[in-house]
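Below are the chains, spelled out letter by letter.
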Amino acid sequence: MLKYIDFDFFNSYKDLKAYFSTRNGGVSEGIYSTMNLSFSQGDVKENVIENFRIFGKTIGVECEDMVFAHQTHTSNVIPVDSSNKGMGILRERNFSNVDGLVTNEKGLCLVTSHSDCIPLYFFDPVKKVIGLSHSGWKGTIGNIALNTIKLMNEKYGSDAEDILAMAGPGICGKCYEVGSDVADVFTYKYKDDSKGRVVTERENVEGKYLLDLHMANYYNFLSAGITEDHIYLSGVCTYEDSDNLWSHRASHGKRGGGAAFMMLL
């Protein structure tokens, strides 16, 4: 049975769709079973396309109206419009190395791929603009959140204080273990985090740390001008719920992938 996650944070807005997929309800088999929405892990392409069709039908979106980011752990964000419809799923993209998308066009569904990295959802209910970005540790340290917000402002006139920003399902700060190389970068960047909520030392494991990407993106939202009451952290951990959500860490890389979806109506 197909299942998906929606969010009370956005549900009151009738001109917006915002979802996150689970592992359930698709046609893929083996390690990709069943709702795999990633083309990059070795699954049969036709099965992935069919999964997109099934998921899209459930949320009321055609594959032909989706545009799928080309994620390479960058902080790059681009605007897209109706000319990009179907790209990344049904036809070749005319862009590459892009981890975030923004648009003000109704009926164009933005899609990003996730299997522990954090989906960042942005909605400006005043100017009617959306953004959707993929934020792993590289995208977080590169502040793809800020880049998305800046592009919404430069391209469509969005004011940061109007934007609602959410860090969606992803690996949580209790489960994301990193080495000192990554931890040191975050400790420096978030040195004003006096409560130590972004990086903490792992107890009884020398040289290992726990990294909270949700909290790091929370600070990124704030520093970009998003007001505190317009920020939501989903609290859903893909690692802890790896029976239902795709997790790269939990599966040791033998996996399919989930996706985030966002569309203006």
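Scroll up for the structure.
How each quantity is defined
Residues numbered from 1 in each chain as written. Predicted model: local features only at pLDDT ≥ 70, side-chain atom pairs only at ≥ 80, totals over all residues. Heavy atoms only, no water. Core = buried A, V, L, I, M, F, W, Y, C linked by side-chain atoms within 4.5 Å. Buried < 20%, exposed > 50% of the residue type's maximum accessible area, 1.4 Å probe, protein only. Helix = DSSP H or I, 4+ residues; strand = E, 2+ residues; numbered from the N terminus. 1 Å grid on protein atoms, 1.4 Å probe; cavity = no way out; pocket = protein on both sides within 12 Å on 5 of 7 lines; lining within 4 Å. Points joined across faces, edges and corners; volume = space filled by probe spheres on them. Phe/Tyr/Trp six-rings, centres within 6.5 Å; stacked < 30°, edge-to-face > 60°. Lys, Arg positive; Asp, Glu negative; His and termini not counted. Salt bridge = Lys/Arg side-chain N within 4 Å of Asp/Glu carboxyl O. Polar contact = N/O pair within 3.5 Å; in protein donor to acceptor, adjacent residues only side chain to side chain. Contact = heavy atoms within 4.5 Å. Pairing = 2+ DSSP bridges. Axes fitted to C-alpha atoms, helices over the stretch in contact; angles between N-to-C directions.

Asker: How would you sum up the nonpolar core? Please name residues and give values.
Answerer: By size, the foremost hydrophobic cluster in this structure holds 37 residues, and its most contacted members are Leu120, Phe122, Phe186, Val198, Leu211 and Phe221. Those elements that place two or more of their residues in this core are strand 7 (118-124), helix 4 (144-156), strand 9 (164-167), helix 5 (180-189), strand 12 (208-211) and helix 6 (213-223). The greatest single-element share of this core, amounting to six residues, is contributed by helix 4.

Asker: Quick one: what's the story with the layout of surface pockets, residue by residue and with numbers?
Answerer: Of the pockets and cavities examined, the largest pocket occupies roughly 820 Å³. Around the largest pocket, the lining comprises 33 residues; the ones closest to its centre are Ser38, Ser40, Gln41, Gln71 and Ser113. Counting residues per element, the ones that place at least two in the lining of the largest pocket are strand 6 (109-114) and helix 3 (137-141).

Asker: Explain the packing of aromatic side chains residue by residue, including any values.
Answerer: In this structure the tally under the stated criterion is 17 aromatic pairs. Taking the centre distance of 6.3 Å and the plane angle of 75° together, the rings of Tyr4 and Phe55 count as edge-to-face. Of this pair, Tyr4 sits in strand 1 (residues 4-5) while Phe55 sits in helix 2 (residues 45-59); the two residues are 51 residues apart in sequence, bridging distant segments of the chain. Relative accessible area serves as the criterion here: at 34%, Tyr4 is assigned to the partly exposed category. Phe55 gets classed as buried once you look at its relative accessible area, which sits at 0%. Look at Phe122 and Phe221: their rings are 5.7 Å apart centre to centre, the planes differ by 85°, and that puts the pair in the edge-to-face class. Placement of Phe122 in strand 7 and of Phe221 in helix 6 is noted, with a sequence separation of 99 residues between them. Accessibility expressed as a relative area gives 0% for Phe122, which makes it buried. Judged by relative accessible area, which is 0%, Phe221 ranks as buried. Taken together, the ring pairs in this structure connect Tyr4, Tyr19, Phe39, Phe52, Phe55, Phe68 and Phe261 into an aromatic cluster.

Asker: Hey, could you go over the side chain of Asp116 for me, with residue numbers and the actual values?
Answerer: Summarising the element assignment, Asp116 is placed in the loop between strand 6 and strand 7. Arg249 provides the closest opposite charge to the buried, salt-bridge-free Asp116, at an N-O distance of 5.5 Å. In terms of polar contacts, Asp116 uses its side chain to reach the side chain of Ser247, at 2.9 Å. Only 3.1 Å separates the side chain of Asp116 from the backbone nitrogen of His248, close enough to count as a polar contact. With residues up to four places along the chain from it excluded, the contact list for Asp116 reads Gly170, Ile171, Thr238, Tyr239, Trp246, Ser247, His248 and Arg249.

Asker: Provide a residue-level description of the pattern of salt bridges, including the pertinent values.
Answerer: Across all of its chains, the model carries five salt bridges by this definition. Across the pair Asp15 and Lys128 runs a salt bridge, and its minimum N-O distance is 2.6 Å. Residue Asp15 is located in the loop between helix 1 (8-11) and strand 2 (16-21), and its partner Lys128 is located in the loop between strand 7 and strand 8 (129-135); the two are separated by 113 residues in the primary sequence. Accessibility expressed as a relative area gives 34% for Lys128, which makes it partly exposed.

Asker: Any details on the sheet that holds strand 11 (residues 199-201)? Residues and values, ideally.
Answerer: If you trace the three strands from one edge of the open sheet to the other, you get 10-12-11, paired in antiparallel fashion. Single-partner strands in this sheet number two, and they are strand 10 (177-179) and strand 11. Geometrically, the sheet is characterised by an average inter-axis angle of 40° between neighbouring strands, direction not taken into account. Pairing of strand 10 with strand 12 involves three bridges; the strand directions are antiparallel. If you follow Gly179 over to strand 12, its bridge partner there is Lys208. Against the sheet, helix 5 contacts strand 10, strand 11 and strand 12, and its axis sits at roughly 95° relative to strand 10.

On their own, these measurements won't tell you what the molecule is for.
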